[in-house]
Amino acid sequence: MAPTRQDLSLNTPPSYLARLQDFVSENRRAILVCTAAAAVALGTAYYVSTASSQRPGSGKDRQKDKKKDKASSKKKKSVSDHDGPILEEVKPAEEEQRNVPLTLEEIAAMSVDERIKRAGVLKSRGNALYQARKFTQAVELYTQAIQLSPKPEPVFHSNRAACYMNMSPPQFDHVVEDCDAALRHDPNYVKALNRRANALEALSRYAEALRDFTAATILDKFQNEAAAQSVERVLKKLATEKAQTIAATRGPRLPSQTFISAYFAAFRKRAQPTLPETPSQGDQTLLLALDALEAADYAHALSLVNEAVDQGISWDIGRAEALNLRGTFKFLTSDIPGAKADLEESLSLKPSLTQSLVKLASVHMEEGNHARAMECFEQAIKVDSSDPDVYYHRGQVHFITNDYAAAAENYTKSTSLDSTFVFSHIQLAVAQYKMGNIANSMATFRRTMTAFPDRAEVCNYYGELLLDQQRFEEALEKFDKAIELEKNKSPPNPLPLVNKALAIFQWRQDIPRAEALCREALAIDPSCEPAVATLAQLALQKSEMETAIEWFEKQVDLARGEAEIVASLTYLEASKAQLQFVKTYPQMAAQLQQIASAMM
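Just so it is clear, the model here is predicted, and its values are computed rather than measured.

Caption draft 1: Quick peek at the packing of aromatic side chains. According to the stated counting rule, one finds 14 aromatic pairs in the structure shown. When the centroid spacing of 5.6 Å and the interplanar angle of 80° are considered together, the rings of Tyr263 and Phe264 count as edge-to-face. We classify Tyr263 as buried; its relative accessible area is 1%. Relative to Tyr404, the ring of Phe399 lies with its centre 5.3 Å away and its plane at 70°, an arrangement referred to as edge-to-face. Just as Phe399 is buried, Tyr404 falls in that class too. These aromatic residues form a ring-pair network of at least three members: Tyr263, Phe264, Phe267, Tyr298, Phe329 and Phe331. A cation sits over an aromatic face here: Lys359 above Phe267, 5.0 Å from the ring centre. Over the ring of Tyr391 we find Lys413, and its NZ or CZ is 5.6 Å from the ring centre.

As structure tokens, this is what we get:
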């Protein structure tokens, strides 16, 4: 089948993104920590103005609370809360059991020590009511403790938030308000961060929830697996929600020149249809569209084929070809229903058009219907069992579903019918590599390089496998040769430049050179997504968070279809949350550097 947005085969741009994302995924925790640690220079004036004086409710006072709370949590567990409330089991004296709120005049008449003592008693009684699941009464006592205390006590607000969290129904807005108060007085209060994050998530305020879960995870030095999982969960919700909005409001548009070229290169060239003796205007416009396609002028080809269909095409074969092409462009612009309708109508006019069947299989795969895709291939073989494209694209389906043996069998069949199609050879070598037959794979690539000495694709994808084996010097040699061969094309394929950038980064950590190569790729194709994605990751490595965010925003803009938008937004929103942490907690630099050193 033709390359799809989920296609990880090596003859399409997404293969590069998959490898880049694998590298980032394997190192994501270290990247997160190193970025936050090194970007401490972004700290704001807020910290400078407040760090010199001790915050109320922080320092030794909070440490005492933590020790008491930790000891009490070992004694008894009762009420369910995501983080577990900070509550100790202190039995108030009998004469202190009365719940009579003090007036402002009575509070003003008390000494500081009396107010501290009475507030502690109220807190303890609130704890007892909390454990008895009497949340409303507990809230009243925590509220009195807050009013009575001569200094702000974050734990009082956090405990009251725990009550609101456990009410039926939960009072999430009040949870947020109380945690806001607690964190104003102690920004490092991890339990309040987690509690507020859970409330924000319940309120569908995912960006703010992600901010808090990210901060809690880093402040806990990545030791709290539940918080780390919460980051991933909320990040997925946030990215999915935003992606759905973008996909619903974004108009149809073509992907990059690089991606479209890779798509059409996956099909063997066919002769143009012969015009009838008296061609209509639409017939002639169709040929102009096919000429534009041959010249890789994709925007013009799309405009012309739409015009041809509107003008009217006089013969069935010509209309079938026009609908095949228009359906292809609809597929590339993520109009899956429109692509399906055009390809089905194309087949109704010309049932023997195997290319429409193969492309319809792509549509079914995009819809997640593997069985229907395979039925299209079976139908195509019945129509023309000698069409090598059918076997090649069926091999692609097996490849992306990880059935590499079946993929290799289909690639071999395709090559036996037409040995001049370079991608059948390349994909066979890649399938062998995926099956662990490294020696066979390398031998297939060497034979292919001999058979196709002027094809840059062979050198580029051979280099990718060498890079996967960390044979950096050999990989760079192949990428350089691919770059040289690409100069003979107009326009050249920028992917060898991006592959070389990744190789140089992984081997020598030469970020400036890697960036220069990616910018060279963008000069060829300004919408080259692999180049944009790599520049974003390189910016992260340099701790240039704001620059990375700009590149991630461009990556979101270039993404095709909801799944790709989600993946791009995941990086973008995670980076935004990390930048917020860096600006809020610049004092964490030394600790983060130590954690980063241990992880690298």
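Caption draft 2: Fine view of the pattern of salt bridges. The final tally for this structure, using the stated rule, is 33 salt bridges. With a closest N to O distance of 3.0 Å, Lys242 and Glu573 form a salt bridge. Taken together, the positions of Lys242 in helix H12 (residues 225-249) and Glu573 in helix H30 (residues 561-584) put the pair 331 residues apart, joining distant regions of the chain. In this structure Lys242 comes out as partly exposed when scored by relative accessible area, which is 32%. In this structure Glu573 comes out as buried when scored by relative accessible area, which is 5%.

Caption draft 3: Looking closely at the environment of Gln509. Looking at the element boundaries, Gln509 is found in the loop between helix H26 (495-508) and helix H27 (511-524). For Gln509, a relative accessible area of 52% translates into the label exposed.

Caption draft 4: Seen up close, the packing of helix H6 (residues 112-131) against helix H7 (residues 135-148). For the pair H6 and H7, the least separation of the axes is 8 Å and the interaxial angle reads 165°. What the angle tells us is that H6 and H7 run roughly antiparallel. Handedness of the H6/H7 crossing: left-handed. Of H7, the residues touching H6 (which contributes Arg115, Arg118, Ala119, Leu122, Lys123, Arg125, Gly126, Asn127, Leu129 and Tyr130) are Phe135, Gln137, Ala138, Leu141, Tyr142, Gln144, Ala145, Gln147 and Leu148. The class makeup of the residues in the contact of H6 with H7 is 10 nonpolar, five polar and four charged.

Caption draft 5: Broad picture of the side chain of Arg268. When you line up the elements, Arg268 lands in the loop between helix H13 (257-265) and helix H14 (281-294). Side chain to side chain, Arg268 and Asp389 meet in a polar contact 2.6 Å long. Within the structure, the side chain of Arg268 is placed 3.0 Å from the side chain of Ser414, a separation counted as a polar contact. Setting aside residues up to four positions removed in sequence, Arg268 forms contacts with Pro388, Asp389, Tyr392, Ser414, Asp418, Phe421 and Ser424.

Definitions and limits used
Residues numbered from 1 in each chain as written. Predicted model: local features only at pLDDT ≥ 70, side-chain atom pairs only at ≥ 80, totals over all residues. Heavy atoms only, no water. Phe/Tyr/Trp six-rings, centres within 6.5 Å; stacked < 30°, edge-to-face > 60°. Buried < 20%, exposed > 50% of the residue type's maximum accessible area, 1.4 Å probe, protein only. Lys NZ or Arg CZ within 6 Å of the ring centre and 35° of its normal. Salt bridge = Lys/Arg side-chain N within 4 Å of Asp/Glu carboxyl O. Helix = DSSP H or I, 4+ residues; strand = E, 2+ residues; numbered from the N terminus. Axes fitted to C-alpha atoms, helices over the stretch in contact; angles between N-to-C directions. Parallel < 35°, antiparallel > 145°, perpendicular 65-115°, else oblique. Left-handed = near helix turned anticlockwise from the far one by under 90°. Contact = heavy atoms within 4.5 Å. Nonpolar A, V, L, I, M, F, W, Y, C, P; charged D, E, K, R; others polar. Polar contact = N/O pair within 3.5 Å; in protein donor to acceptor, adjacent residues only side chain to side chain.

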